[in-house]
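Structure assessment
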2 protein chains.
Amino acid sequence: MYVIIVYDIKVERIDKVRKFLKTYLEWIQNSVFEGEITKAEMRSIIKNLEKMIKKTEDSVLVYTLRDEKYLERKEIGIQKGNKSNIL
Amino acid sequence: MYVIIVYDIKVERIDKVRKFLKTYLEWIQNSVFEGEITKAEMRSIIKNLEKMIKKTEDSVLVYTLRDEKYLERKEIGIQKGNKSNIL
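Scoring rules and cut-offs
Sequence positions are assigned chain by chain, starting from 1 and proceeding in written order. Here the convention is simple: chains get letters from A, ligands get numbers from 1, in the order in which they are written. Local features in a predicted model are, by the rule used here, given only for residues with pLDDT of at least 70; side-chain atom pairs are given and counted only at 80 or more, and totals for whole chains, interfaces and linings are based on all residues. The basis for the side-chain values is all heavy atoms of the structure; hydrogens and waters are excluded. UniProt positions are given in the numbering used here, feature names are shortened, and annotations may be inferred rather than shown by experiment. Put simply, DSSP marks the helices as runs of H or I at least four residues long and the strands as runs of E at least two long, and each gets a number from the N terminus on. Only C-alpha atoms enter the radius of gyration; for comparison, a globular chain is expected to reach 2.2 Å times N to the power 0.38, where N is the number of residues. To sort residues, take the accessible area from a 1.4 Å probe on protein chains only and compare it with the maximum for the residue type: under 20% means buried, over 50% means exposed, and anything in between is partly exposed. Here the open area of atoms and residues is found with the Shrake-Rupley method and a 1.4 Å probe, where only the protein chains shown may cover a residue. Here a polar contact is taken to be a pair of N or O atoms separated by no more than 3.5 Å, where protein atoms must pair a possible hydrogen donor with a possible acceptor and residues adjacent in sequence count only if both atoms sit in side chains. Two rings from Phe, Tyr or Trp (for Trp, the six-membered ring) form a pair when their centres are within 6.5 Å of each other. A pair whose planes differ by under 30 degrees is stacked, one over 60 is edge-to-face, and the rest are tilted. Every residue pair with non-hydrogen atoms within 4.5 Å of one another is taken to be in contact. Accessible area that two parts lose when put together, with a 1.4 Å probe and added across both, is what the buried area reports. By definition, a salt bridge exists where a carboxyl oxygen of Asp or Glu is found within 4 Å of a side-chain nitrogen of Lys or Arg. Here the copies are superposed with least squares, the fitted atoms being C-alpha atoms of residues at a pLDDT of at least 70 in both. To obtain each axis, a line is fitted to C-alpha atoms, and for helices this fit is confined to the stretch in contact; angles are then taken between N-to-C directions over 0 to 180 degrees. Working rule for angles: under 35 degrees goes down as roughly parallel, over 145 as roughly antiparallel, 65 to 115 as roughly perpendicular, anything else as oblique. Side-chain classes are defined by residue name, with Ala, Val, Leu, Ile, Met, Phe, Trp, Tyr, Cys and Pro counting as nonpolar, Asp, Glu, Lys and Arg as charged, and the others, Gly among them, as polar.

Where an unreviewed UniProt entry is consulted, chain A appears under the name CRISPR-associated endoribonuclease Cas2, with the organism given as Candidatus Heimdallarchaeum endolithica. Its UniProt record, at the heading Sequence similarities (unreviewed entry), says of chain A: "Belongs to the CRISPR-associated endoribonuclease Cas2 protein family."

**Topic: the overall build of chain A**
On a plain count of helices and strands, chain A comes out with two helices and five strands. Relative to a compact globule of 87 residues, whose C-alpha radius of gyration would be 12 Å, chain A shows 13 Å and is just as compact. Taken over the C-alpha atoms alone, chain A extends approximately 35 × 30 × 20 Å along its principal axes. When burial is assessed residue by residue, chain A has 49% of its 87 residues classed as buried. Accessible area of chain A: about 4,700 Å², with a carbon and sulfur share of 45%.

**Some details on the side chain of B:Gln29**
Looking at the element boundaries, B:Gln29 is found in strand S2 (residues 26-29). Of the polar contacts made by the side chain of B:Gln29, one reaches the backbone oxygen of A:Val6; its length is 3.2 Å.

**Here we look at the packing of aromatic side chains**
Under the definition given, this model contains seven aromatic pairs over all chains. Ring geometry for A:Tyr70 and B:Tyr70: centres 3.9 Å apart, planes at 10°, overall stacked. Of this pair, A:Tyr70 sits in the loop between strand S4 (59-65) and strand S5 (71-77) while B:Tyr70 sits in the loop between strand S4 (59-65) and strand S5 (71-77), on two different chains. A single burial state applies to A:Tyr70 and to B:Tyr70, both of which are buried. Taking the centre distance of 5.5 Å and the plane angle of 70° together, the rings of B:Phe20 and B:Tyr24 count as edge-to-face.

**Topic: the interface of chain A and chain B**
Across the contact, 35 residues belong to chain A and 35 residues belong to chain B. Summing both partners gives a buried area of about 3,100 Å² for chain A against chain B, and 58% of it is carried by carbon and sulfur. For the chain A face of the interface with chain B, the top three residues by lost area are A:Gln29, A:Tyr63 and A:Ile76, together amounting to 23%. Linking chain A with chain B are zero salt bridges, by the criterion used here. Linking chain A to chain B there are 20 residue pairs in polar contact (both at pLDDT 80 or more).

**Quick look at the relation of the copies chain A and chain B**
Structural alignment of chain A on chain B gives an RMSD of 0.0 Å, achieved by rotating through 180° and translating 0.0 Å along the axis. The transformation relating the two chain copies, once decomposed into turn and shift, fits a two-fold axis. Among all residues of chain A, the one whose C-alpha sits closest to the rotation axis is A:Tyr70, at a distance of 3.4 Å. Of all interface residues in chain A, 100% are interface residues in chain B too; the two copies therefore contact each other through one and the same surface.

**Concerning the packing of helix H1 (residues 11-21) of chain A against helix H2 (residues 39-52) of chain A**
The relative placement of two packed helices is expressed as an angle between their axes plus a distance between the axes. Residues and elements named next belong to chain A. Look at H1 against H2: their axes get within 11 Å of each other, and the N-to-C directions meet at 170°. One finds that H1 runs roughly antiparallel with respect to H2. Along the contact surface, H1 presents Arg13, Lys16, Val17, Phe20 and Leu21, while H2 presents Ser44, Ile45, Asn48, Leu49 and Met52. Among the residues forming the contact of H1 with H2, the class breakdown is six nonpolar, two polar and two charged.

**With respect to the pattern of salt bridges**
As enumerated under the stated definition, the model contains twelve salt bridges over all chains in all. As a salt-bridge pair, A:Arg13 and A:Glu57 come within 3.0 Å of each other at their nearest N and O atoms. Of the two residues, A:Arg13 sits in helix H1 while A:Glu57 sits in the loop between H2 and S4, which places them 44 residues apart along the sequence. Taking relative accessible area as the criterion, A:Glu57 reaches 24% and is therefore assigned partly exposed. B:Arg13 is the partner of B:Asp58 in a salt bridge, and the nearest nitrogen-oxygen pair spans 2.6 Å. Of the two residues, B:Asp58 is situated in the loop between helix H2 (39-52) and S4 and B:Arg13 in helix H1 (residues 11-21); the sequence distance between them amounts to 45 residues. By sharing partners, the salt bridges in this structure join A:Lys10, A:Arg13, A:Lys54, A:Glu57 and A:Asp58 into a single network.

As structure tokens, this is what we get:
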């Protein structure tokens, strides 16, 4: 399955969340990760995010698609996230 | 078509971009808008965003799907964006 994760997390928890997400996904924009994962990985990501964030202060959106082919992505402006400058 | 727009824009331009996007889409998270639009609206959104942002400093991701049915959305934590507290 293909996943897009967008987060709005307090600064004190961001590094931890980013380090975790980069083990599964690619960093696309400041607060966006994307990638192809298995269902088991998806469950693990959700479970860990639920532990890592503070549910009364942080917000995470997890979009899933069965297949990346349903999705088109257009980028305007600078490309912020890439493998070379992550953390 | 269904669209998800995620932006990372310098603070001095955010209000203008948000006010513009809310005329077409629903505010979902701090930097995320979503909604069903026509192809003509899509062209207008892209054209206007390209004028509004500073391409050397800001970044906007525009995800499009032919149909919302291909997409599943899960939210963890607080729901930040909604019609009642936008701007």
